[in-house]
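A closer look at the structure
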Amino acid sequence: MTNIMTIKNLTVRFDALEALSSLDMEVASGSIVGLIGPNGAGKTTVFNVLSGFIRPHEGSISFHGKEIARLKPYKITSLGMSRTFQNIRLFGELSVIENVMIGFHLSYNSMFLGPLLSLFGYKKIEKEIYERAIMLLDRTGLLNLIDEKASVLPYGLQRKLEIVRAIATRPKLLLLDEPAAGMNPNEKEDLMKFITKLRDKLALTILLIEHDMHVVMKICDRITVLDYGEKIAEGSPQDIKNNQRVIEAYLGEAGVAES
């Protein structure tokens, strides 16, 4: 299996604090990879570097063979990487389909230049975006919600909508930041099935930060564990579950039992 992304020697400092220290990590194409660790371990910093919001002090990130460590966020998105955030960032007053169409607009930005800025060109693009949004909502099981206002959706459906909007940018790699946060057990079970189906149906690779070990252990193919900015373990869910250093630093005996 080939790697869609390879991270080497990634180092980030905030004044005297080293938030990431010489991180090496690989993400295989078509896999679901978990990034876990205690609060302050550096997980969000990894996501912020990958999506272009923070520039690393050292290291490289190869994404589909291209170096992206110091590119701007819009350029990284155009290359095929998209993310969600821990706090849902939907446009609450807009409908489900309007939220998804906004995602598609991000991938069409370059098409609005030059002659396509005409009224005819704009209408043509809007029609295509609408049709693509309908198709994506259909494939992801949210088509029956197209006219619902995002703010009135149950929490679990808001999470799904945010993920679908991220997919509308047409990513090859999807970064999910604590997708199960705030969900009840039934919503989490539904979300796990949803994420796995997205990977399989849309040929996505998924990297996720998640604190719920049941979710991580059930859907991830591989897991990387951070602690104080350093990678302390990497491997299959079973490897991580049995790793004594991970148990001591993060999981604890109770966490192992629950997972």
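See the structure above.
Here's a quick rundown of the structure.

Criteria and thresholds
- Residues numbered from 1 in each chain as written.
- Predicted model: local features only at pLDDT ≥ 70, side-chain atom pairs only at ≥ 80, totals over all residues.
- Heavy atoms only, no water.
- 1 Å grid on protein atoms, 1.4 Å probe; cavity = no way out; pocket = protein on both sides within 12 Å on 5 of 7 lines; lining within 4 Å.
- Points joined across faces, edges and corners; volume = space filled by probe spheres on them.
- Helix = DSSP H or I, 4+ residues; strand = E, 2+ residues; numbered from the N terminus.
- Nonpolar A, V, L, I, M, F, W, Y, C, P; charged D, E, K, R; others polar.
- Pairing = 2+ DSSP bridges.
- Axes fitted to C-alpha atoms, helices over the stretch in contact; angles between N-to-C directions.
- Contact = heavy atoms within 4.5 Å.
- Phe/Tyr/Trp six-rings, centres within 6.5 Å; stacked < 30°, edge-to-face > 60°.
- Lys NZ or Arg CZ within 6 Å of the ring centre and 35° of its normal.
- Buried < 20%, exposed > 50% of the residue type's maximum accessible area, 1.4 Å probe, protein only.
- Right-handed = clockwise from strand over helix to strand, strands pointing away.

1. Structural notes on the layout of surface pockets
By volume, the second largest pocket amounts to about 260 Å³. Around the second largest pocket sit Phe104, Arg132, Met135, Leu136, Arg139, Ile167, Arg170, Pro171, Leu202 and Leu204, which together line it. Considering each element in turn, the lining of the second largest pocket owes the most residues, 4 residues, to helix H4 (residues 119-139). The residue makeup of the lining of the second largest pocket, split by class, is 7 nonpolar, no polar and 3 charged.

2. Re the sheet that holds strand E9 (residues 222-227)
If you walk across this open sheet you meet the 6 strands as E6-E7-E8-E3-E9-E10, and the pairing is mixed. Where the open sheet ends on each side, the last strands, each with one partner, are strand E6 (81-83) and strand E10 (230-235). Averaged over all adjacent pairs, the angle separating strand axes in this sheet is 20 degrees, with direction ignored. The pairing of E6 with strand E7 (residues 173-177) spans 3 bridges and is classified as parallel. Among the inter-strand pairings, Ser82 is bridged to a residue of E7, identified as Leu174. Lying over the sheet, helix H5 (residues 155-167) contacts E6 and E7, oriented at roughly 150 degrees with respect to E7. In the packing of helix H6 (residues 185-202) onto the sheet, the strands contacted are strand E3 (32-36), E7 and strand E8 (205-209), and the crossing angle to E3 comes to about 135 degrees.

3. Structural notes on the packing of aromatic side chains
This model, assessed by the stated rule, comprises 1 aromatic pair. Taking the ring centre of Phe85 as reference, the NZ or CZ of Arg89 above it sits at 3.8 Å.

4. Here we look at the pairing of E8
Where burial is concerned, most of E8 is hidden: 5 out of the 5 residues are buried. Covered by surrounding structure in E8 are Thr205, Leu207 and Ile209 together with Ile206 and Leu208, the residues of both alternating faces. The pairing of E3 with E8 spans 4 bridges and is classified as parallel. Counted as the bridge partner of Leu35 is Ile209 from E8. By the bridge criterion, 5 bridges tie E7 to E8 in an arrangement that is parallel. Bridge pairing in E8 places Leu174 opposite Ile206. Following the backbone out of E7, through H6 and into the adjacent parallel E8, one traces a crossover that is right-handed.

5. Thoughts on helix H1 (residues 43-50)
Each full turn of the α-helix corresponds to 3.6 residues, which orients residues three or four apart in the same direction. Here H1 lies mainly inside the structure; 7 of its 8 residues are buried. Residues of H1 that are buried include every one of Lys43, Thr45, Val46, Phe47, Asn48, Val49 and Leu50, and no others. Among the residues trailing H1, Gly52 stands out with phi positive, at a value near 90 degrees.

6. So, unusual backbone geometry
The phi torsion at Ala203 lies on the positive side, around 55 degrees, for a residue other than glycine. Tracing the backbone through its elements, the reader meets Ala203 in the loop between H6 and E8. The residue Tyr228 is not glycine, and still its phi comes out positive at about 50 degrees. Owing to a relative accessible area of 69%, Tyr228 belongs among the exposed residues under this scheme.

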